[in-house]
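Chains, contacts and geometry: an overview
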Amino acid sequence: MKEKKRSGWLENKDAERKSTDSLPLESPESEKKVRIPEGLWIKCNHCRQIVYRKEVERAGKVCPKCNYHFPITLSERLEQLVDPGTFDEFAADVVSSDPLHFSDSQRYVDRLRSAQKKTGLEDAIRVGECKIMNMSAVLGVFSFHFMGGSMGSVVGEKVVRAADRALEKRFPLVLVTASGGARMQEGIFSLMQMARTSSAVGRLKKAGLPYMTVLTDPTFGGVTASFAMLGDVIIAEPRALIGFAGPRVIEQTIRQQLPEGFQRAEFLLEHGFVDMIVERKKLKETLAQILCHLGPGRKVGSLCQGSQAG
């Protein structure tokens, strides 16, 4: 009886195998996979949508779905803001030393070399004279890609020199920030830059020269607590995260839930910490208009034409 059951089971398996073998093989076309070139698409950090990279680049690194402003490099920022061929850099020879001979998991000098090799920059800021829609100005632009845009003695020195050059030439000063704050590897030398830079831009105000800041995502720490929030006009990019300590640090310290959107540009505008929020594609034109109206010797509200003023 048992043998018959076993025989029947084997017959069923043989029949099942035959029926499977009779199925048509998959065609070579069904095995083909669509290959998408690497880097063709990019995921938005805000809406999480997959968007076409070239479309994002055409929009100035702005998401076409939700208007999220992607981080951009220092060179891209200069290209967007400055009239072609007019950026004349100075203080390029100022480089960081290692006054504290600092070392954690890596020596500070090695971190500097790595950042310089990665970005092609000497430090986290470049300063120079330029024209913005034919308006003369001294411009400083931060790079968050260089050690998080941290402010060490070189960054502080370049900001001071930019303010001094603006004072000498009677030009407006514009600083575009992107920073995580003071550079801890330089300790007190870094913290001293808060007082130095604040004093330097204070001299501009005494001389009646316009000083403007553009706060991009993110702007934090000692940069926010010094020159970044001292502009005559403070502009922020949409949804830029701006503050001293980060939201998570604050929540852990006060043990309270922060309001929605806390430290975002829109929250700061609503509470009077910034003067306006300007989209990247309109930033150059907006800066030129403000420079025209606030330029040396001009009255607020005077009629300005970009090609005539300057």
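So, here's what we can say about the structure.

Scoring rules and cut-offs
Residues numbered from 1 in each chain as written. Predicted model: local features only at pLDDT ≥ 70, side-chain atom pairs only at ≥ 80, totals over all residues. Heavy atoms only, no water. Helix = DSSP H or I, 4+ residues; strand = E, 2+ residues; numbered from the N terminus. Buried < 20%, exposed > 50% of the residue type's maximum accessible area, 1.4 Å probe, protein only. Areas by Shrake-Rupley, 256 points an atom, 1.4 Å probe, with all protein chains shown as cover. Pairing = 2+ DSSP bridges. Contact = heavy atoms within 4.5 Å. Axes fitted to C-alpha atoms, helices over the stretch in contact; angles between N-to-C directions. Parallel < 35°, antiparallel > 145°, perpendicular 65-115°, else oblique. Nonpolar A, V, L, I, M, F, W, Y, C, P; charged D, E, K, R; others polar. Expected span 1.5 Å × (residues − 1). Arc of directions from axis to C-beta.

1. Considerations on the overall build of the protein
In terms of helices and strands, the protein carries 11 helices and 9 strands. Buried positions account for 41% of the 310 residues belonging to the protein. For the protein, the exposed surface amounts to about 17800 Å²; the carbon and sulfur share of it is 52%.

2. Quick notes on the sheet that holds strand S4 (residues 125-132)
If you trace the 7 strands from one edge of the open sheet to the other, you get S3-S4-S5-S6-S7-S8-S9, paired in mixed fashion. In this open sheet, the two strands that pair with only one neighbour each are strand S3 (88-90) and strand S9 (276-277). The sheet contact formed by strand S6 (residues 173-179) and strand S7 (residues 211-219) spans 6 bridges and is parallel. Looking at the pairing, serine 179 lines up with threonine 219 of S7.

3. Thoughts on the side chain of glutamine 193
Relative to the elements of secondary structure, glutamine 193 occurs in helix H7 (residues 188-206). Given a relative accessible area of 4%, glutamine 193 falls into the buried group. Glutamine 193 has contacts with Met151, Gly152, Ser153, Gly156 and Glu157, leaving out every residue within four places of it along the chain.

4. Concerning the packing of helix H6 (residues 153-169) against H7
H7 packs onto H6 with a crossing angle of 10 degrees between their chain directions and a minimal axis gap of 9 Å. In this view, H6 runs roughly parallel relative to H7, as classed from their interaxial angle. Contacts between H6 and H7 pair Ser153, Gly156, Glu157, Val159, Val160, Ala163, Asp164, Ala166 and Leu167 from the former with Gln193, Arg196, Thr197, Ala200, Val201, Arg203 and Leu204 from the latter. Tallied by class, residues from the contact of H6 with H7 come to 8 nonpolar, 4 polar and 4 charged.

5. Details of the environment of serine 136
Counting through the fold element by element, serine 136 comes out in strand S5 (residues 135-142). Of the residues examined, serine 136 reaches a relative accessible area of 15% and is grouped as buried. Taking the C-alpha atoms as reference points, serine 136 and alanine 288, separated by 152 residues in sequence, lie 9.3 Å from one another. Setting aside residues up to four positions removed in sequence, serine 136 forms contacts with Cys130, Lys131, Phe171 and Pro172.

6. A look at the environment of valine 141
Among the structural elements, valine 141 can be located in strand S5. When the C-alpha positions of valine 141 and alanine 124 are compared, they lie 8.4 Å apart, and in sequence the two are 17 residues distant. When sequence neighbours within four positions are dropped, the list of residues in contact with valine 141 reads Leu74, Arg77, Leu78, Ala124, Ile125, Arg126 and Val176.

7. Remarks on helix H5 (residues 108-119)
When the terminal C-alpha atoms of H5 are compared, their 16 Å separation across 12 residues agrees well with the 16 Å that a helix rising 1.5 Å per residue should span. Regarding H5, the residues found buried are Tyr108, Leu112 and Ala115. The arc enclosing the buried residues of H5, seen along the axis, measures out at 70 degrees, which places them on a common side. Turned more than 90 degrees from where H5 packs its buried face, Lys117 and Lys118 sit exposed.

Taken by themselves, the reported measurements are silent on function.
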